[in-house]
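Coordinate inspection notes
Now for the letters of each chain:
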2 protein chains.
Amino acid sequence: MSGNRPATSMDVARAAGVSQATVSYVLNDRPGSRISEETRSRVRDAAERLGYVPHAGARTLRTGSSGVVLVAVPDIPQGPLATGLLEELDKELGGRGYTVVQYGARRTKGVAAAKAWAELRPTAVVADASRLTRAGIEVLRAAGVKAIIGMGHAPMDDVPSLLTDHEGVGALAVRHLVERGRDPVVAVVPREEGLREMGLARLRGARSAGVPVTAVDLAFDEAEAAAFVAGLKGGEGVFAYNDEYAMLLLAALHDAGLRVPGDVAVIGCDDLPLARLTRPRLSTVRPDLSAAPARMATLIDRLVRGTACGDVDVWTLQLIERDST
Amino acid sequence: MSGNRPATSMDVARAAGVSQATVSYVLNDRPGSRISEETRSRVRDAAERLGYVPHAGARTLRTGSSGVVLVAVPDIPQGPLATGLLEELDKELGGRGYTVVQYGARRTKGVAAAKAWAELRPTAVVADASRLTRAGIEVLRAAGVKAIIGMGHAPMDDVPSLLTDHEGVGALAVRHLVERGRDPVVAVVPREEGLREMGLARLRGARSAGVPVTAVDLAFDEAEAAAFVAGLKGGEGVFAYNDEYAMLLLAALHDAGLRVPGDVAVIGCDDLPLARLTRPRLSTVRPDLSAAPARMATLIDRLVRGTACGDVDVWTLQLIERDST
DNA sequence: ATCCAGTGCTTATACGTATAACCACCCCCC
DNA sequence: GGGGGGTGGTTATACGTATAAGCACTGGAT
């Protein structure tokens, strides 16, 4: 049973006493094929008995389309938001008959990454926008990829994208701090590779709110946070880039004996589950992703069927006011 | 350029003025093939010019082996530990010529999941042990999967596994609490689906340490945590299942006005980056995964080549003592 | 001159599937 | 008794690749 090679549709055909074509017609129950109910069940029985599983590669070769949606996940450690988004997207696309596959993409990008993806002849590709270059997109198109969707902060002119509204996050956070009467407003920009660009985008948004905003570069490091906090005079409102940085600052402020929000107000972004547990409770900007998976799935499906072109979505932002501001 | 069908090795052959076989020999540079250097470069040029990318499905069909390592990730939200493990594993296997692909596996398990995976004809499968059943394993074997590796807490008798030493975590945590003179020792068992079994395993380990341990069921919920904390008398040592639960308890203890570690000691598990930011700093049990990816990759490679059989790894545990115990 | 060994390719085939095209049969109706 | 139209299949082929087997030629050695 286990030393043998996998059963093929030909094996099933022999076992059921029919031709291989009949097996194919039955198992895919192609509409318009004229096979008697009796033969159908004989074929299905044989397939079950032999443990037949179709060969995706062969099918792809024959039909010219794999039904695979390749998701190239970013290198940045994934939070619960991204994980949840992918899970929902998987469910949506699975329900429409696609096979969702995540591809680790070890640091490659551009044409090199695109070539690796193209080998699988995916029907669609969802990729971190920072991995996509124009030349890479050409490679994918040439390999027959029907739908290409970018995720990230920079709008790609060539492919529809799910954009994170980083500017909006910054603007919303700063407006809130101003409303609460905070005067020097400070925006933290993370120094880490991959986060820095987004930090700068959020800073731009912060500055668009109409008040002067001081930018401060910060690595995710307790000593640096302590040094930053030591320079505060009191009264500041700090937009901490995200909840993780906000938690870093809350700890540093606690160590320095500063009161939140009495001396300094802090606001994060993401509404992480763990960030609800800080004391004081952390105010934050929550990106609402709940509508994204279904819309992405619909868009992919339309692009594959060729009935629609690009469409850019933007997340909805919501301010969650707790105790830290 | 973009309305065309993808270039095949036959197209490359025509462009280079050679046969398709020659193209295959050159691009895979098969040792022992006698092709002149001049022809080789002509072929490579043509391939580059046409943007040729091999068709993985066709190759799989021909060779009978895909080189794909399918990783079926668990449904439980992934922490940085698991993410890091996968990333390293990806790198290791990528370096050995495998293609690592993550498969979302929307809640399916057993035979249904195995059939879905088998369609891709992976060379190896790394799966959450809770998704693997004996029948499922048979399906994979029958589909030609050479290496099957389980991850999780229950040792599978049939496949080698990377085991989390949940018992060890419990035992180590409780021994530490006892050393610090804590008298009633309490172990938290999470109520969430998927976490509960592991919680029970950690509880067994906790009880193997030789002192009486009270178990308490807890959902990840602030109100429940507050109710639990309200029942404490003081002096307790609490093993909180993991860092997230520990943070939940720290918040509840803070709200109740109890001092940590003065009144109650708390220890977690995982050494999450965010958990280093609590005040007091959280003591924890850190699973050391650094050796796992390389060992898993080696094991997979050996199983594929048929030069080795099973081998069970266990993570190394380390106690990190900070301020909460 | 003939044979042998090597070099540099080409020809032919099989992998597993989906589907267009064809075929045999039966029944009914003029 | 012959044509027409449904019913229930079968035969043949192509998808793109890897590789075994063969073939033409060249340059010695016998």
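Residues numbered from 1 in each chain as written. Chains lettered and ligands numbered in written order. Predicted model: local features only at pLDDT ≥ 70, side-chain atom pairs only at ≥ 80, totals over all residues. Heavy atoms only, no water.

Considerations on the packing of helix α1 (residues 9-16) of chain A against helix α3 (residues 37-50) of chain A
Each pair of packed helices can be summarised by the angle the axes make with each other and by the distance between the axes. Residue and element names in this part refer to chain A. In contact at an axis separation of 9 Å, α1 and α3 are set at 120 degrees when each is read in the N-to-C sense. With respect to α3, the axis of α1 lies oblique. Along this stretch, α1 crosses α3, giving a crossing that reads as right-handed. Across from D11, V12, A15 and A16 in α1, the residues of α3 making contact are R42, V43, A46, A47, R49 and L50. Considered class by class, the residues forming the contact of α1 with α3 number seven nonpolar, no polar and three charged. (Axes fitted to C-alpha atoms, helices over the stretch in contact; angles between N-to-C directions. Helix = DSSP H or I, 4+ residues; strand = E, 2+ residues; numbered from the N terminus. Parallel < 35°, antiparallel > 145°, perpendicular 65-115°, else oblique. Left-handed = near helix turned anticlockwise from the far one by under 90°. Contact = heavy atoms within 4.5 Å. Nonpolar A, V, L, I, M, F, W, Y, C, P; charged D, E, K, R; others polar.)

Examining the interface of chain B and chain A
On the side of chain A, 53 residues touch chain B, which itself brings 52 residues to the contact. Carbon and sulfur atoms make up 59% of the area that chain B and chain A hide from each other, which totals about 4,700 Å². Across the contact surface, chain B and chain A share eight salt bridges. As a salt-bridge pair, R279 of chain A and E222 of chain B come within 2.8 Å of each other at their nearest N and O atoms. Across the chain B-chain A interface, the total number found is 13 residue pairs in polar contact (both at pLDDT 80 or more). Listed by contribution, the elements that provide at least two residues to the side of chain B that touches chain A are α4 (56-63), α5 (80-95), β2 (99-103), α6 (110-119), α7 (134-142) and α11 (243-255) of chain B. Looking at the side of chain B that touches chain A residue by residue, the classes come out as 23 nonpolar, ten polar and 19 charged. (Buried area = accessible area lost by both parts, 1.4 Å probe. Salt bridge = Lys/Arg side-chain N within 4 Å of Asp/Glu carboxyl O. Polar contact = N/O pair within 3.5 Å; in protein donor to acceptor, adjacent residues only side chain to side chain.)

Regarding the relation of the copies chain B and chain A
Once turned by 180 degrees and shifted 0.0 Å along the axis, chain B lies on chain A with an RMSD of 0.0 Å. Taken together, the rotation angle and the small translation identify this as a two-fold axis. Identified as the residue of chain B closest to the rotation axis by C-alpha distance is G57 of chain B, at 2.0 Å. Interface overlap between copies: 100% of the residues of chain B at the interface are likewise at the interface in chain A, consistent with a symmetric, same-surface contact. (Least-squares fit on C-alpha atoms with pLDDT ≥ 70 in both.)

Structural notes on the protein's contact with DNA strand D
Neighbouring DNA strand D are 26 residues; T22 and S36 of chain A together with S9, Y52 and R62 of chain B lie closest to it. Restricting attention to atoms of DNA strand D within 4 Å of the protein, one finds that 55% of them are sugar or phosphate atoms. A distance of 2.4 Å separates a phosphate oxygen of DNA strand D from a polar side-chain atom of T22 of chain A. A58 of chain B places a main-chain nitrogen or oxygen 3.5 Å from a base nitrogen of DNA strand D. Elements with a minimum of two residues in the surface near DNA strand D: α2 (20-27) and α4 (56-63) of chain A together with α2 (20-27) and α4 of chain B. (Near = heavy atom within 4 Å.)

Some words on the protein's contact with DNA strand C
Around DNA strand C sit 26 residues, and of these S9, Y52 and R62 of chain A together with T22 and S36 of chain B come closest. A share of 55% of the atoms of DNA strand C within 4 Å of the protein falls on sugar and phosphate groups. Here H55 of chain A contributes a backbone N or O atom positioned 3.2 Å from a phosphate oxygen of DNA strand C. Among the residues making up the surface near DNA strand C, the classes are represented as ten nonpolar, eleven polar and five charged.

Focus on the pairing of strand β6 (residues 185-190) of chain A
All names here are of chain A. With six of its six residues buried, β6 lies for the most part within the structure. Residues of β6 alternate between two faces, with V185, A187 and V189 on one and V186, V188 and P190 on the opposite face, all of them buried. Relative to strand β7 (residues 213-218), β6 is paired through six bridges, and the arrangement is parallel. Residue V186 lies in a different strand from β7, and its bridge partner there is T214. You can see the chain leave β6, run along helix α9 (residues 196-207) and come back into β7, and the turn it takes is right-handed. The pairing of β6 with strand β8 (residues 237-239) spans three bridges and is parallel. What sits directly across from A187, in β8, is F239. (Buried < 20%, exposed > 50% of the residue type's maximum accessible area, 1.4 Å probe, protein only. Pairing = 2+ DSSP bridges. Right-handed = clockwise from strand over helix to strand, strands pointing away.)

A closer look at unusual backbone geometry
In the segment running from V260 of chain A into P261 of chain A, the intervening peptide bond is cis, with an omega of 5 degrees. Residue P280 of chain B is bonded to the preceding R279 of chain B through a cis peptide linkage, with omega at 0 degrees. Within the secondary structure, P280 of chain B sits in the loop between β9 (265-269) and β10 (283-288). Positioned with a positive phi, D271 of chain A is a non-glycine residue whose angle comes to about 55 degrees. With respect to the secondary-structure elements, D271 of chain A resides in the loop between β9 (265-269) and β10 (283-288). Phi is positive for R121 of chain B, which is not a glycine, with a value near 50 degrees.

Looking at the domain arrangement of chain A
Domains assigned within chain A are domain 1 (9-54), domain 2 (67-163 + 290-316) and domain 3 (166-286). For domain 1 of chain A and domain 2 of chain A, the distance between their C-alpha centroids amounts to 35 Å. (Domains from an automatic or database assignment.)

Quick notes on the packing of aromatic side chains
Enumeration according to the criterion identifies four aromatic pairs over all chains in this entry. A connected cluster of aromatic rings, assembled from ring pairs, spans F220, Y241 and Y245 of chain A. A cation sits over an aromatic face here: R202 of chain B above Y241 of chain B, 4.4 Å from the ring centre. (Phe/Tyr/Trp six-rings, centres within 6.5 Å; stacked < 30°, edge-to-face > 60°. Lys NZ or Arg CZ within 6 Å of the ring centre and 35° of its normal.)

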